[in-house]
Structures are given as C-alpha cells and as structure tokens.
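Each chain, written out:
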Amino acid sequence: SYYFEGGLRKVRPYYFDFRTYCKGRWVGRSLLHVFGTEFRAQPLDFYRAAARAGRLRLNEEPVRDLHVVLKNNDFLRNTVHRHEPPVTAQPLRILAEDEEVVVVDKPSSLPVHPCGRFRHNTVIFILGKEHGLTELHTLHRLDRMTSGVLMFAKTAAVSKRIDEQVRERQLEKEYVCRVVGEFPEHEVVCEEPILVVSYKVGVCRVDPKGKPCKTIFQRLSYNGKTSVVKCLPRTGRTHQIRVHLQYLGHPIVNDPIYNMEAWGPDRGKGGKIGKTDEELLKALVEEHRSKQSLEILGISEEDLNSGGESKDCGDSGDCTKSAEADPVNGNSCPAEDVKDPERDAKDPQKDEKDPEGNDIAACPPNSDTNLETLEKDKELGSCGNQDGQTGQKGGEEKDPLCVECRMSRRDPSPKELVMFLHALRYKGAGFEYCSSMPEWAMDDWEE
C-alpha cells in the first residue's frame, strides 16, 4: 500500500510474520536465550511483551513461557509491525518486454528484491503490484543506490541460458558516473582486489586479500569541477566501480559511502585510510548519524544494535543467482545466496552461508535476510488501499509494541536518494538494452 509525499514513495506500516524452523545451533537452548544472543535488535522485555500479546508462536501455539527449550524441527513465528524506508518517487520504467525477459530502468535508492528493511519498496514488488509481472528470475542486480538497466528472465530456461553467458564472460556492461575532480583523459585500468569490510553496513575497500577484479575507465567530459566517466567492469564484485574510483582519487560526487570524511583526509585515495576496519565503520556510521542520514545506508539504529553481520541485500554488485518472487500473493524471493528455492523449502533447516563461508547471524525482526520462508503481510485495517494501490497518506494505526511507531525520523530528500552512477547498457549474445543518459551526466549539467 503506497503513497507519494515530497518526491518520495512511501509504504504504510503493516504487520508481517517472520517464520523460521529451529536452527541446529538453537537446539537445546531456551527461546529467551536465542532472542538474547541472536535477535538483539530489541531488548528481552520486548519479546516478553510480544509473548504476552500473542505475537510469538511456537509450532503454531502461543508462547507462554520464553524459557521453553527448543527442539529440532520446531517452527517459530514472530508477528512484527514493519516500517519501510522511503525511496525516490521516480517511476520504474519498462524499457523492453517480450516472452523471455523484462528490462527496466531502475531508479536510484530502490532495492532489486526484498532484503533488510525493504519489501514493498523494491523492484520485484513494484513490478508485481503495478505491472502484474510475477515469478521473475533475477539475472543480475544493481546496488540499491545505482540506477539504470536491469534485466529479469520470465522462465528458468532463459535464466539458465543467460547465466551461462555470465559465467563465460560473454556479457558487456557499461556504466556512466560523475566523479570528483579532473579524471585523466587517457584510458585508466584498475585491477586492485576488493575486500568486503561489512555486509551489514555495506562497505568494501581495496585490500591484497580481496577478490581479483578489473574495471576500465574512460573520461567523457569535464566541467571544471567534476568529470563524467564511462565505466566498463570486467568482473562483478560488490561496489567494484565505486571502490576503484575512490582508490583512484576520484570518488563519485555524491557517494554516501566512498566519498565521506570518515575515510580520512584523502578519502581513501590509494588505499590510504589510517583506520582499522572497526574504526572506519564506526566513523562512517557516526558521520551519517550526525547528519540524520542513516536511512541513506538502508540501515537503522536497530540494525546497528542487533550485532552480527548479514548481507546488505540490494547493495551488491552484479549477481547471477536466480530468485523468484510473487508480490501479488505476498511471497518474497529467498535470501540472496539461496540458489534453489524448491530445495530449500524442502530442507527448512538448511543454514545459509555468507560468501566467506561463515554462518550469517540470525536476523533481527526488521530483517528477512536468512529466514527460509516469509508469510504474507497483513496490512493495517485502518490504512485502506489493501490491494497495493497507490493513494494519499491516510491515518496510520500506532502499534503499542512497535519501537518505530514511537520514533520520529527525518525523511531523506529526493536529492539525497540519487547517486551519480548509472547502468547505461547491458549486452549479450543476441540482445542489447540501453537506457537514456541521466540528466546529471549531460555536458551542460551544473550542480
């Protein structure tokens, strides 16, 4: 249920059931202990209140005692009141559609699929609700803050065919961005390895221990202050273009991560940071906290308090893993590292792993990263527009247990939700899709 306000697309708060089977590491532990060690976004008093209100169910029976010891195959359901961050009100344009694929021009700030605090404000859900396009397969992804060409397959066969092209390096991707300073006129090739610092905050850096990658850059124009640069990534690492530009000393002008003071006086040029990873993350968070702009990172104070690391869905480089979603019926795609939804549904105790091979921490109630199955959300009765239709903001019911309902957040401005990085072209065997050059990339553009 959307409404538009101040250049933003907003979602009315709604009730949502998180569901999961008992993890192997939870067996023999009390529910109270599990909440206290792995679901730390809320204090234990919150879970006690949720149990009293009938919001917690174990094997579909209300939880009366949080000291109950969990057993193998136990099924846990937690009903929460969700508030999604706003995204830009710029429309999601369909560039092309046939019997095999759907190609869209994704606005900045919009995640590709449900993750973290985002569900309805995602490309997958908007395509389902507003265009009737469901059961799409994700062929690749764009960072949440990156705009541009995004492809989906309509069938598993098409998805498999294009995945093979990705593995065989047959796809060509072209991006355009606006960076700080005068970028060199000659072609620049950066092959610095990239390491993920934090999945939760979504931060990477150049490091010898990182994964190998390569990006080719070519300047298109310079206006005396900033340069427009064409980017040709030859690999698809997380934040690859953004990290390489920062390393070269020309970060994207309005990059909310890699052009921040937290990186030091040189803003990470040449890999010079002068901080440990922990100090860097703390400085980045504090800089955004002081500007009341944590929402720009797609995280909240609750996420930061939850502990553990989980993938920052939607802020990743190109990803070839297929995922299905049915927004109309309320079924979300699985976590981003689950390759076979049917297999995982049959094996609900399967623990998901992060790319480094470590267990992903159990998600707090405001994140659906590692829950195997997601229940259809239940819109608030007082909100109206129950069929996902857009409309004007109406009265919103306050939930007595919801921390978000008691908080007042500053909405980001539409300008803050645009980053000057755009996927301009995507080409493979037998297809090529392009979007228009964004306004900020024009020769005569001025800040």
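Analysis parameters
Residues numbered from 1 in each chain as written. Predicted model: local features only at pLDDT ≥ 70, side-chain atom pairs only at ≥ 80, totals over all residues. Heavy atoms only, no water. UniProt positions renumbered as here; feature names shortened; annotations may be inferred. Helix = DSSP H or I, 4+ residues; strand = E, 2+ residues; numbered from the N terminus. Expected span 1.5 Å × (residues − 1). Buried < 20%, exposed > 50% of the residue type's maximum accessible area, 1.4 Å probe, protein only. Arc of directions from axis to C-beta. Contact = heavy atoms within 4.5 Å. Axes fitted to C-alpha atoms, helices over the stretch in contact; angles between N-to-C directions. Parallel < 35°, antiparallel > 145°, perpendicular 65-115°, else oblique. Left-handed = near helix turned anticlockwise from the far one by under 90°. Nonpolar A, V, L, I, M, F, W, Y, C, P; charged D, E, K, R; others polar. Polar contact = N/O pair within 3.5 Å; in protein donor to acceptor, adjacent residues only side chain to side chain. Pairing = 2+ DSSP bridges. Core = buried A, V, L, I, M, F, W, Y, C linked by side-chain atoms within 4.5 Å. Salt bridge = Lys/Arg side-chain N within 4 Å of Asp/Glu carboxyl O. Patch = residues over 30% accessible without salt bridge, like charges linked within 9 Å, V, L, I, M, F, W, Y side chains within 5 Å. Areas by Shrake-Rupley, 256 points an atom, 1.4 Å probe, with all protein chains shown as cover.

Digging into the UniProt feature "active site" (unreviewed entry) in the protein chain
Part 1 of the reasoning: Within this numbering scheme, the UniProt entry marks Asp 143 as carrying the feature "active site" (unreviewed entry).
Part 2 of the reasoning: Its location among the elements puts Asp 143 in the loop between strand E10 (137-138) and strand E11 (147-153).

Some details on helix H4 (residues 156-167)
Part 1 of the reasoning: With 12 residues, H4 extends 16 Å between its outermost C-alpha atoms, agreeing within 8% with the 16 Å of an ideal straight helix rising 1.5 Å per residue.
Part 2 of the reasoning: Those residues of H4 that fall on the buried side of the exposure criterion are Val 158, Ser 159, Ile 162, Asp 163 and Gln 165. For H4, the buried positions fall inside an angular range of 155° around the axis, keeping them on one side. Across H4 from its buried face, at more than 90 degrees, point the exposed residues Ala 156, Ala 157, Lys 160 and Arg 167.
Part 3 of the reasoning: Where H4 is buried, its residues touch strand E9 (101-106), E10, E11, strand E21 (421-428) and strand E22 (431-434).
Part 4 of the reasoning: At the C-terminal side of H4, Arg 169 shows a positive phi close to 55°.

Points about the packing of helix H1 (residues 31-38) against helix H2 (residues 44-52)
Part 1 of the reasoning: Direction vectors running N to C along H1 and H2 enclose 135°, while the axes themselves pass 10 Å from each other. The angle between H1 and H2 places the two elements in the oblique class. The interaxial crossing formed by H1 with H2 has right-handed handedness. When H1 is examined against H2, the residues Leu 32, Phe 35 and Gly 36 are found in contact with a partner set consisting of Leu 44, Tyr 47 and Arg 48.
Part 2 of the reasoning: For the contact of H1 with H2, the per-class residue count stands at 4 nonpolar, 1 polar and 1 charged.

Quick look at the side chain of Glu 38
Part 1 of the reasoning: Inspection of the secondary structure puts Glu 38 in helix H1.
Part 2 of the reasoning: Taking the relative accessible area as the measure of exposure, Glu 38 reaches 12% and is therefore buried.
Part 3 of the reasoning: For Glu 38, the side chain forms a polar contact with the side chain of Arg 25, separated by 3.1 Å.
Part 4 of the reasoning: A polar atom in the side chain of Glu 38 sits 3.0 Å from the side chain of Trp 26.

Regarding H2
Part 1 of the reasoning: All buried positions along H2 are accounted for by Phe 46, Tyr 47, Ala 49, Ala 50 and Ala 51.
Part 2 of the reasoning: Against the buried residues of H2 lie H1 and strand E4 (56-58).
Part 3 of the reasoning: Following H2 by one or two positions, Gly 54 adopts a phi angle in the positive range, close to 80°.

Points about the pairing of strand E6 (residues 75-82)
Part 1 of the reasoning: Most of E6 is tucked away, with 8 of its 8 residues classed as buried.
Part 2 of the reasoning: Residues Phe 75, Arg 77, Thr 79 and His 81 point to one face of E6 and Leu 76, Asn 78, Val 80 and Arg 82 to the other, with burial holding for every one of them.
Part 3 of the reasoning: One ladder, built from 8 bridges, connects strand E3 (residues 14-21) with E6; its direction is antiparallel. Counterpart to Asp 17 in the pairing with E6 is Thr 79.
Part 4 of the reasoning: Pairing analysis gives 3 bridges linking E4 to E6, with the strands arranged antiparallel. Looking at E6, one finds that Leu 56 is bridged to Asn 78.

Topic: the nonpolar core
Part 1 of the reasoning: Residues Phe 152 and Phe 217 are the most contacted members of the largest nonpolar core, which totals 49 residues.
Part 2 of the reasoning: Per-element tally for this core: the top contributor is helix H3 (residues 123-131), with 5 residues.
Part 3 of the reasoning: Among all residues touching Phe 217, those that are not within four sequence positions of it are Phe 183, His 186, Glu 187, Val 188, Cys 190, Val 229, Lys 230, Cys 231, Ile 241, His 244, Leu 245 and Leu 248.
Part 4 of the reasoning: The next biggest cluster of nonpolar side chains, apart from the first, holds 21 residues, and it includes Val 203, Ala 262, Trp 263 and Ile 273.

Notes on the pattern of salt bridges
Part 1 of the reasoning: The full count for this structure, using the stated rule, is 29 salt bridges.
Part 2 of the reasoning: Here Lys 10 and Asp 411 are joined by a salt bridge, their closest N and O atoms 2.5 Å apart. With Lys 10 in strand E2 (residues 8-11) and Asp 411 in the loop between strand E20 (390-391) and E21, this residue pair connects regions lying 401 residues apart in the sequence.
Part 3 of the reasoning: For Glu 38, the salt bridge goes to Arg 29, with nearest N and O atoms at 3.3 Å.
Part 4 of the reasoning: Each of the salt bridges in this network shares a partner with another, and the network as a whole consists of Asp 17, Arg 57, Glu 60 and Arg 77.

Quick look at the environment of Pro 111
Part 1 of the reasoning: Mapped onto the elements of the fold, Pro 111 is located in the loop between E9 and H3.
Part 2 of the reasoning: According to the relative accessible area criterion, Pro 111 is buried, its value standing at 0%.
Part 3 of the reasoning: The spatial distance from the C-alpha of Pro 111 to the C-alpha of Leu 142 is 7.9 Å, given a sequence separation of 31 residues.
Part 4 of the reasoning: Excluding residues within four positions of it along the chain, Pro 111 makes contact with Phe 118, Asn 121, Thr 122, Val 123 and Arg 144.

Overview of the environment of Phe 46
Part 1 of the reasoning: By the element assignment, Phe 46 lies in helix H2.
Part 2 of the reasoning: Distance from Phe 46 to Cys 402, taken between C-alpha atoms, is 9.1 Å for residues 356 residues apart in sequence.

Section: unusual backbone geometry
Part 1 of the reasoning: Residues other than glycine seldom take positive phi values, yet Ser 109 does so here, at roughly 85°.
Part 2 of the reasoning: With respect to the element layout, Ser 109 can be found in the loop between E9 and H3.
Part 3 of the reasoning: Not every positive phi belongs to a glycine, and Arg 169 is a case in point at roughly 55°.
Part 4 of the reasoning: Within the secondary structure, Arg 169 sits in the loop between H4 and strand E12 (172-180).

Details of a nonpolar patch on the surface
Part 1 of the reasoning: A grouping of Leu 220, Met 437 and Met 442 is seen on the molecular surface, where their side chains present a nonpolar patch of about 240 Å² in accessible area.
Part 2 of the reasoning: Mapped onto the secondary structure, Met 442 falls in the segment after E22.

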